[in-house]
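The chain contents come next:
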Amino acid sequence: MCTASRPTWEYKALEPPKGLTKREVIDPTAELNELGAEGWELVGPIDYDKGGTKFLLLKRQVLDE
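In every chain, residue numbers begin from 1 and rise along the written sequence. The predicted nature of this model means local features are confined to residues of pLDDT at least 70 and side-chain atom pairs, given and counted, to a pLDDT of 80 or more, with totals for whole chains, interfaces and linings taken over all residues. Excluded from the side-chain calculation are hydrogens and water; included are all heavy atoms of the structure.

The name given to the chain in an unreviewed UniProt entry is DUF4177 domain-containing protein, with the source organism recorded as Halogranum salarium B-1.

Structure, rendered in C-alpha cells:
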C-alpha cells in the first residue's frame, strides 16, 4: 500500500491575447514565460467547435505549506 499522497493541481484558463481587429492572435510567449516562472505549465488549448483557440489551459501543483 502506497502512503504517499497524490499531487493536487490547480488550473487556469488564459484567453489568448487578440490584436487590434480581435481576429488575429498576438504571440503569448511573454505571458506564458511569466506564468511558467510562477509554476504554471501549459496543458493545451481549448478550441472552438469550428476552429480557433478559445482558451489556453494551464496547471500547477498545489504545494502544502
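Visitor: Is there a simple way to explain the nonpolar core in this structure?
Guide: Counting residues in each nonpolar core, the largest one holds five residues, listed as Leu14, Leu35, Trp40, Leu56 and Leu58. In this analysis, two residues are considered to be in contact whenever any of their non-hydrogen atoms come within 4.5 Å of each other. Those residues in contact with Leu14 that sit more than four places away from it in its chain are Glu31, Leu32, Leu35, Phe55, Leu56 and Leu58. For our purposes a nonpolar core is just a set of buried Ala, Val, Leu, Ile, Met, Phe, Trp, Tyr and Cys residues, chained together by side-chain atoms within 4.5 Å. Relative accessible area decides the class of each residue, using a 1.4 Å probe on protein chains only: under 20% of the type maximum gives buried, over 50% gives exposed, and in between gives partly exposed.

Visitor: Mind showing me how you'd approach a nonpolar patch on the surface here?
Guide: Here, patches come from residues exposed beyond 30% relative accessible area and free of salt bridges, joined within 9 Å for like charges and within 5 Å for nonpolar side chains (Val, Leu, Ile, Met, Phe, Trp, Tyr). Calculation of accessible area relied on Shrake-Rupley with a 1.4 Å probe; when residues are assessed, cover is drawn exclusively from the protein chains displayed. Salt bridges are defined by distance alone: a side-chain nitrogen of Lys or Arg within 4 Å of a carboxyl oxygen of Asp or Glu. Residues Trp9, Tyr11 and Val43 make up a contiguous nonpolar surface patch of about 320 Å² in total accessible area. In this text, helices come from DSSP runs of H or I with a minimum length of four residues, and strands from runs of E with a minimum of two, each type numbered from the N-terminal end. Looking at the secondary structure, you find Tyr11 in strand S1 (residues 8–14). Classification of Tyr11 by relative accessible area gives exposed; the value is 52%.

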